[in-house]
Each structure stands twice: as C-alpha cells, then as structure tokens.
Amino acid sequence: MKKRISIKKASITDNKLLLQASESINGFMPSEQILVDSKQFSFVYLLENQDGYTYLDIPESIWPLIKNSLEMTTPVWVQFKDDELELTNFYEELVFLINNIKGNSNYGVEMVAKVEAIF
C-alpha cells in the first residue's frame with residue numbers, strides 16, 4: 001500500500017492556493033499526475049521520491065476552494081511547516097479528470113454527483 005498524506009485545509013495566500021499537508025513533504029518532487037479515489041471521494045496528486053510514489057489526498061471538503069482557484073489559475077502549492085512544494089501541471093490534470101468524470105458512471109454514481117455539484 002502506498003503512503004498517503006492528507007490535505008487538512010487550504011487557503012489562497014500570496015496569490016497562490018496553499019494546501020496544508022498532514023505530514024512532511026520534505027524530499028518529494030511533483031509527478032505532475034492526478035488520480036481519482038472514488039471510494040474516499042478525493043483527488044490524489046502523486047508525489048515522488050527515491051522510494052517511489054506517495055499519494056497526496058485532496059478530499060471533497062477542499063474542492064470548492066480548488067474550483068475558485070481554477071477559475072483564477074492560481075498556482076497550487078502544498079505546505080508542511082516551513083517546507084513548500086509547487087504542484088506543477090495540477091490544473092491541466094484536474095480539468096482532464098473533471099471532464100472525464102462528468103456523466104461517467106465508471107467512477108461511481110456518488111463520485112460523479114459530487115464532482116458535478118462542485119465543478
């Protein structure tokens with residue numbers, strides 16, 4: 001099982017969307033890929049280091065702020081204490097997934113409904 005780091009809260013600060021991580025992100029690099037966890041109702045940005053991939057879980061509670069930042073194309077960063085990392089290619093991946101999820105029951109009826117309601 002892959003390691004998971006959760007996003008606990010988010011804010012728009014200094015013209016960037018800042019996602020607050022539940023634990024250290026030190027040593028990670030952005031993979032520029034986002035997956036969907038339709039059981040947990042989250043988007044999962046992949047971080048990588050020498051040990052492989054780690055899942056950065058972005059739960060449904062954060063989606064409304066992401067939608068607002070998407071409209072402004074605000075850069076997306078993840079932060080834990082003093083460490084910050086830009087999540088490159090975030091919007092491109094997210095828009096692709098959102099468009100793929102809408103009306104697509106392969107993601108599960110509830111996941112589709114949640115994505116359609118917010119995005």
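If you're wondering where the values come from, they're calculated on a predicted model, not measured in any experiment. (Residues numbered from 1 in each chain as written. Predicted model: local features only at pLDDT ≥ 70, side-chain atom pairs only at ≥ 80, totals over all residues. Heavy atoms only, no water.)

Trainee: Can you break down the pattern of salt bridges residue by residue, with the values?
Mentor: If you walk through the whole model with that rule in mind, you get seven salt bridges. As a salt-bridge pair, lysine 16 and glutamate 84 come within 2.9 Å of each other at their nearest N and O atoms. Here lysine 16 is found in strand S2 (residues 16–21), whereas its partner glutamate 84 is found in strand S7 (residues 83–86), with 68 residues between them in sequence. Residue classification places lysine 16 among the buried residues on the basis of a relative accessible area of 16%. Ionic pairing is found between lysine 114 and glutamate 110, a salt bridge with its closest N-O pair at 4.0 Å. (Salt bridge = Lys/Arg side-chain N within 4 Å of Asp/Glu carboxyl O. Helix = DSSP H or I, 4+ residues; strand = E, 2+ residues; numbered from the N terminus. Buried < 20%, exposed > 50% of the residue type's maximum accessible area, 1.4 Å probe, protein only.)

Trainee: A description of the pairing of strand S6 (residues 76–80) should follow, citing residues and the corresponding values.
Mentor: Counting buried residues along S6, four of its five residues qualify, which places the element largely inside the surrounding structure. Sheet topology places S2 next to S6; four bridges connect them, and they run parallel. Looking at S6, one finds that leucine 19 is bridged to valine 78. Judged from the four bridges that link them, S6 and S7 form a sheet pairing that is antiparallel. Note that in S7 the partner of phenylalanine 80 across the bridge is aspartate 83. Remark: two residues form the turn of the hairpin made by S6 and S7, two consecutive strands paired antiparallel; lysine 81 in that turn has positive phi of roughly 55°. (Pairing = 2+ DSSP bridges.)

Trainee: How would you summarise the packing of aromatic side chains if you had to cite specific residues and measurements?
Mentor: For any pair of aromatic rings, the description consists of the separation of the ring centres together with the inter-plane angle of the planes. On inspection of all chains with the given rule, the structure shows five aromatic pairs. Relative to phenylalanine 90, the ring of tyrosine 45 has its centre 6.1 Å away and its plane inclined at 25°; by these criteria the two rings are stacked. Highlighted residues: tyrosine 45 in strand S4 (residues 42–49) and phenylalanine 90 in helix H2 (residues 90–101), separated in sequence by 45 residues. The same class applies to tyrosine 45 and to phenylalanine 90, which are both buried. With 5.6 Å between their ring centres and 90° between their planes, phenylalanine 90 and tyrosine 91 make a pair best called edge-to-face. A connected cluster of aromatic rings, assembled from ring pairs, spans Phe43, Trp63 and Phe119. We note lysine 16 situated over the ring of tryptophan 77; from NZ or CZ to the ring centre the distance is 4.6 Å. (Phe/Tyr/Trp six-rings, centres within 6.5 Å; stacked < 30°, edge-to-face > 60°. Lys NZ or Arg CZ within 6 Å of the ring centre and 35° of its normal.)

Trainee: Could you give an account of helix H1 (residues 63–72), naming the residues involved and the relevant values?
Mentor: Along H1, the residues that are buried comprise Trp63, Ile66 and Ser69. The buried residues of H1 occupy an angular sector of 120° when projected down its axis, which confines them to one face. Where H1 is buried, its residues contact strand S1 (3–13), S2, S4, strand S5 (52–59), H2 and helix H3 (109–118). Threonine 73 lies just past H1 and shows a positive phi near 45°. (Arc of directions from axis to C-beta. Contact = heavy atoms within 4.5 Å.)

Trainee: With reference to specific residues and values, describe the packing of H1 against H3.
Mentor: Where H1 meets H3, the axes come as close as 10 Å, and the angle between the chain directions of the two elements is 45°. When the axis of H1 is compared with that of H3, the two are oblique. Crossing handedness for the pair H1 and H3: right-handed. Here Trp63, Pro64 and Lys67 of H1 lie close against H3, whose contacting residues are Met111, Lys114, Val115 and Ile118. In the contact of H1 with H3, the residues fall into five nonpolar, no polar and two charged. (Axes fitted to C-alpha atoms, helices over the stretch in contact; angles between N-to-C directions. Parallel < 35°, antiparallel > 145°, perpendicular 65-115°, else oblique. Left-handed = near helix turned anticlockwise from the far one by under 90°. Nonpolar A, V, L, I, M, F, W, Y, C, P; charged D, E, K, R; others polar.)

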